Structure formats: C-alpha cells, structure tokens
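Given next are the chains, with one letter for each unit.
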Amino acid sequence: MRVTAAQARRLLLDAQGLCDDPARRATPARVLEVICRLGFVQLDSIQRIERAHHLILGARLDHYRPATLHHLAFEQRALFEHWTHDASLIPTSLYPLWKPRFVRWEKRLRASKWFTRRLGTGARATRAIDKVLARIRSEGPTRARDFDRGDHGRATGWWDWTPEKTALEFLWHTGTVAITTREGFEKVYDLAERVLPKAHAAPHPDPQAHLDWAGRSALERLGVATPNELAAFWGATSLSEAALWAKAATQRGELVIVDAQAEGGSSRPAYAFADWRQRLERTRDAPDRLRVLAPFDPLIRDRKRLQRLFGFDYRFEAFVPAPKRRWGYYVLPILEGERLIGRVDPRFDRARGAVEIEGLWWERGIKPTRARRRALDEALGRIRARQVGEASSA
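Residues numbered from 1 in each chain as written. Predicted model: local features only at pLDDT ≥ 70, side-chain atom pairs only at ≥ 80, totals over all residues. Heavy atoms only, no water.

Trainee: Sorry if this is basic, but what is going on with the overall build of the chain here?
Mentor: Looking only at helices and strands, one finds 16 helices and 13 strands in the chain. Radius of gyration (C-alpha) of the chain: 22 Å, near the 21 Å computed for a compact globule of 394 residues. Taken along the three principal axes of its C-alpha coordinates, the chain extends 60 × 60 × 40 Å. Within the chain, buried positions represent 54% of all 394 residues. The contacts of the chain with a sequence gap of at least 6 include a subset with a gap of at least 24, amounting to 60%. Averaging the coordinates of the 69 positive side-chain charges in the chain and doing the same for the 49 negative ones gives two points 2 Å apart. (Helix = DSSP H or I, 4+ residues; strand = E, 2+ residues; numbered from the N terminus. Rg over C-alpha atoms; globule rule 2.2 N^0.38 Å. Buried < 20%, exposed > 50% of the residue type's maximum accessible area, 1.4 Å probe, protein only. Contact = heavy atoms within 4.5 Å. Lys, Arg positive; Asp, Glu negative; His and termini not counted. Charge placed at Lys NZ, Arg CZ, Asp CG, Glu CD.)

Right, dumping it as structure tokens:
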C-alpha cells in the first residue's frame with residue numbers, strides 16, 4: 001500500500017493545524033485548542049524577530065497575541081512547562097503522563113557527569129538539593145538569581161550554573177517543583193503541589209496505557225511515521241517500545257504498514273492508521289496564502305522529514321559561526337499553501353517598530369512575483385503587529 005509524498009504532506013499539514021483557517025478568532029480557548037492539537041509548543045529565548053513559541057502559534061492564528069499564552073500557562077494553569085525533546089509548554093491534562101519521565105530524569109541526572117560536576121554525588125548532592133527545596137517550601141516562588149553566587153562570581157555563560165541553579169533544574173526535571181511563572185524569560189520555581197495541585201496528585205499512568213498514548217498520539221500528529229519518528233515525537237518511549245507498540249497495533253488491525261514515498265522517488269516502510277485514506281479525504285486544502293514558520297515549528301523540527309516530504313533543505317544557523325552560515329542567523333521557512341517556497345532572515349527593529357529583511361531566498365523554480373512579495377510583507381506585518389501590540393501593552 002503506497003502513500004505518496006503529496007498525501008503524507010497533506011496528512012501532516014492537517015494534523016499540524018496548517019490546513020485550518022488562520023483568520024478565525026484567537027480566543028484563549030482557541031489558542032489552547034491549537035496547542036492541544038499540536039501536543040506542545042517549544043519555547044525558545046531568541047527574539048531576533050519574535051520568540052519561536054509565538055511564531056508557531058501566530059502561523060496558525062493571525063490574531064494571536066503573546067499575552068494569551070502567558071494567561072493560559074501561568075494564570076489559568078491550562079499549560080505546564082516541561083521537557084519533550086526541548087523545553088515546551090504542554091497541556092496540563094497531559095501532566096500525569098509526564099510522571100514516568102520524572103523518574104527517568106532523576107536516574108539520568110544523578111548519573112550525569114555534567115550534573116555531578118556541579119552538585120557532587122550521593123549524599124553531597126542530596127544535601128544540596130534538599131537545601132534548595134527547603135527554601136522553596138518555606139519562602140515560595142524562587143528564581144535562580146535569588147541565591148547568592150558567593151565564590152562563583154558573575155555568570156560567564158549560558159551553562160555557567162551554580163549548584164543552586166543546578167538543584168532547581170533537577171527538582172524541575174524530576175517533577176518536585178514546577179515553573180509557576182516567567183519574569184521576562186527567567187524561570188520562577190515553586191512546589192509542583194502548589195502550582196498544579198490536582199495534576200500533581202494524580203496517579204502514575206499504567207505502563208501499557210502510557211505506551212499506547214505515546215504511540216497513538218504521536219501518529220495522530222504525524223499522519224505517517226516510522227517507529228523512530230513515533231518515539232522521537234514525545235521522547236516518552238524508546239525506539240524498541242515504539243516498534244513493539246506499532247507491531248501490536250498492526251496485528252490488532254488499527255495500523256497498516258505502508259510504502260511511504262518521498263519527493264524524488266525513494267520510499268521506505270512506515271505506519272499509518274488503517275483508515276488513513278478516509279482521514280485524507282476529510283482534510284481540506286491548506287489556505288492559499290503565505291506564512292513564515294519558526295525554526296522550531298513542529299512542521300520544521302524534523303529536518304529529514306522536511307527534506308523527504310517537501311524537498312526542502314533547512315538548518316538552523318544561529319549557533320553557526322557567521323562565516324560558515326549558508327543562509328543567515330535566524331532564517332524562517334516560507335510556506336505557501338502546501339509548499340515551502342523559500343526562506344527569509346527578518347529582524348525586528350524595536351526602536352523603529354519595523355521589520356527589516358536581511359536576507360531572502362526563493363526556492364528553485366519559484367518566481368518572486370509582486371503578489372508573492374506582497375504576501376510576504378503581509379505575513380511579516382502580522383508579526384510586527386504582535387510585537388508592537390505587546391510593547392504598547394507592557
């Protein structure tokens with residue numbers, strides 16, 4: 001059974017909410033609905049044009065405003081911050097499914113050389129962690145900079161963490177504390193039982209139910225996938241667990257093995273839901289408009305999948321030395337309908353309230369017509385409107 005690249009592309013775009021009308025109202029309920037559909041929104045601190053999490057939501061909702069995300073996460077508590085393949089905001093309804101991850105993180109961190117260099121091992125590390133935990137328990141919401149760096153002096157880099165900062169991250173990764181808010185982009189930690197009392201009190205999931213959720217929900221968001229892609233989506237299971245789940249689901253008749261085609265003619269075996277054809281028939285055409293996507297948009301994150309389904313070669317070069325960059329510092333892919341047609345390196349000039357284009361590259365065979373340039377200006381204008389609106393409301 002063959003799934004063409006165009007069919008897999010349509011299933012993926014629809015699953016990622018990019019076939020829906022982006023002009024619909026961006027109420028808090030609608031924004032939460034989009035995040036639930038995506039599964040999570042990856043966070044990023046770089047603000048060259050706009051932070052990645054806002055770009056992700058803005059690509060799906062024209063009228064989205066950044067304050068809505070803060071409201072959902074830190075006032076309504078409909079989202080919690082934790083790790084998928086990176087730091088993300090995740091629907092709080094999924095919090096109990098993170099409890100197996102908390103256990104894995106504790107084992108992983110205590111065995112990590114990076115961790116032990118900062119906190120030590122055994123009882124020494126436990127004493128340092130307990131000291132930080134006791135302060136949070138007695139004083140409430142706490143930031144890393146609330147601790148005196150003492151002999152550590154001023155921080156010299158992003159990963160120059162004090163023992164206290166390391167302990168805070170340990171407590172967060174292992175589910176003892178949660179992020180109660182962010183000030184600017186700085187984390188504020190508090191006890192998970194105070195931040196998310198109901199979710200924290202929920203029992204650990206049954207292992208088989210957890211595995212079934214991880215596989216099924218990943219495939220819902222990918223359309224067609226290999227076991228490796230299923231495991232990588234949430235980072236919640238191993239490759240072998242994902243492969244066993246897919247095999248068992250196929251034997252039950254829930255999934256089918258398909259010959260997944262790529263742009264250019266190659267193919268590989270993958271899994272799809274048994275009713276994938278009916279799902280495809282229910283999809284709608286992606287809006288005939290132009291959008292720019294964040295480097296960490298869920299459509300973009302898997303570079304190999306992007307190349308296979310869209311024939312689009314992309315890499316994130318912010319951390320590549322300038323002379324070695326092929327494109328630019330913070331390049332955004334350009335989506336037109338169901339095709340990726342180019343890339344742009346924009347920068348928001350906050351002093352002038354203007355978006356400047358520092359680089360623009362169209363894919364081979366794409367003509368930079370007046371209509372396309374106007375559509376790109378409109379897409380960047382929507383980002384500018386969010387940035388200006390956020391500044392005026394601050």
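Further notes follow.
Trainee: It is not clear to me how the sheet that holds strand 7 (residues 224–225) should be interpreted in this structure. Could you clarify?
Mentor: Each strand in a sheet pairs with its neighbour through backbone hydrogen bonds, running either in the same direction (parallel) or in the opposite one (antiparallel). With mixed pairing, the four strands of this open sheet are ordered in space as 1-8-9-7. For this open sheet the edge positions go to strand 1 (2–3) and strand 7, each flanked by a neighbour on one side alone. Where strand 7 lies against strand 9 (residues 267–273), two bridges are found, and the strand directions are antiparallel. Note on strand 9: the bridge partner recorded for A225 is Y271. (Pairing = 2+ DSSP bridges.)

Trainee: Looking at this structure, I do not really get the pairing of strand 12 (residues 339–349). What am I missing?
Mentor: Across a regular strand the side chains alternate sides, sitting on one face of the sheet and then on the other. Within strand 12, nine of the eleven residues are buried, leaving the element largely enclosed by the surrounding structure. As defined by bridge partners, strand 11 (residues 332–336) adjoins strand 12 across five bridges and the pair is classed as antiparallel. Residue pairing in the sheet places E336 in a bridge with R339 of strand 12. The turn linking strand 11 back onto strand 12 is made up of two residues, and G337 within it adopts a positive phi angle of 60°. Relative to strand 13 (residues 354–362), strand 12 runs antiparallel, the two being bridged by eight bridges. Among the inter-strand pairings, F348 is bridged to a residue of strand 13, identified as V355. Taken together, strand 12 and the strand that follows it, strand 13, pair antiparallel across an intervening segment of four residues, in which G353 is found at a positive phi of about 65°.

Trainee: Can you walk me through the sheet that holds strand 3 (residues 79–83) in this structure?
Mentor: Ordered in space as 2-4-3, the three strands form an open sheet in which the pairing is antiparallel. At either margin of the open sheet sits one strand with a lone partner, and together these are strand 2 (41–42) and strand 3. Sheet topology places strand 3 next to strand 4 (residues 87–91); five bridges connect them, and they run antiparallel. Opposite H82, over in strand 4, you have S88 as the bridge partner. On top of the sheet, helix 4 (residues 66–75) reaches strand 3 and strand 4; it is set at about 85° to strand 3, its chief contact. (Axes fitted to C-alpha atoms, helices over the stretch in contact; angles between N-to-C directions.)

Trainee: Is there a simple way to explain helix 11 (residues 207–222) in this structure?
Mentor: Because each turn of an α-helix spans 3.6 residues, side chains separated by three or four positions end up pointing in the same direction. For helix 11, with 16 residues, the first-to-last C-alpha span of 23 Å sits near the 22 Å given by 1.5 Å per residue. Of all the positions in helix 11, only H210, L211, W213, A214, G215, S217, A218, L219, R221 and L222 are classed as buried. Capping of helix 11 at its N-terminal end is provided by D206; its side-chain oxygen lies 3.0 Å from the backbone amide nitrogen of Q208. In the segment just after helix 11, G223 is the residue with positive phi, at about 85°. (Expected span 1.5 Å × (residues − 1). Polar contact = N/O pair within 3.5 Å; in protein donor to acceptor, adjacent residues only side chain to side chain.)

Trainee: Which parts of the structure should I look at to understand the pattern of salt bridges?
Mentor: Within the structure shown, the criterion is met by 39 salt bridges. Of the charged contacts, one joins R60 and D297 as a salt bridge, the two residues approaching to 2.8 Å between their closest N and O atoms. Residue R60 is located in the loop between helix 3 (52–58) and helix 4, and its partner D297 is located in the loop between strand 10 (290–292) and helix 15 (303–310); the two are separated by 237 residues in the primary sequence. With relative accessibility at 0%, the residue R60 sits in the buried group. Residue D297 is classed as buried on the basis of its relative accessible area, which comes to 0%. (Salt bridge = Lys/Arg side-chain N within 4 Å of Asp/Glu carboxyl O.)

Trainee: Quick question: what am I supposed to make of the packing of aromatic side chains here?
Mentor: Between two aromatic rings, the relevant description is the distance of the centres plus the angle of the planes. Taken as a whole and assessed by the stated rule, the structure comprises 17 aromatic pairs. Seen in terms of ring centroids, F316 and F319 are 5.9 Å apart; in terms of plane orientation they differ by 80°. Their pairing is edge-to-face. On the numbers, 5.4 Å between centres and 70° between planes, the contact of W327 with W361 is edge-to-face. With W327 in the loop between helix 15 and strand 11 and W361 in strand 13, the pair connects residues that are 34 residues apart, well separated along the chain. By way of ring pairs, the aromatic residues F40, F80, Y95, W98, F102, W213, F233 and W234 are connected into one cluster. Across from the ring centre of F310, 5.8 Å away, lies the NZ or CZ of R9, which sits over that ring. The ring of F147 has R135 lying over it, and the distance from NZ or CZ to the ring centre is 4.5 Å. (Phe/Tyr/Trp six-rings, centres within 6.5 Å; stacked < 30°, edge-to-face > 60°. Lys NZ or Arg CZ within 6 Å of the ring centre and 35° of its normal.)

Trainee: Please explain the nonpolar core as it appears in this structure.
Mentor: Ranked by size, the top nonpolar core spans 122 residues in total, and within it W98, V224, W234 and F310 carry the most contacts. Top element by residues in this core is helix 11. It accounts for six residues. Apart from the residues within four sequence positions on either side, W234 is in contact with G39, F40, T84, L94, W98, R101, W213, A214, S217, A218 and R221. (Core = buried A, V, L, I, M, F, W, Y, C linked by side-chain atoms within 4.5 Å.)

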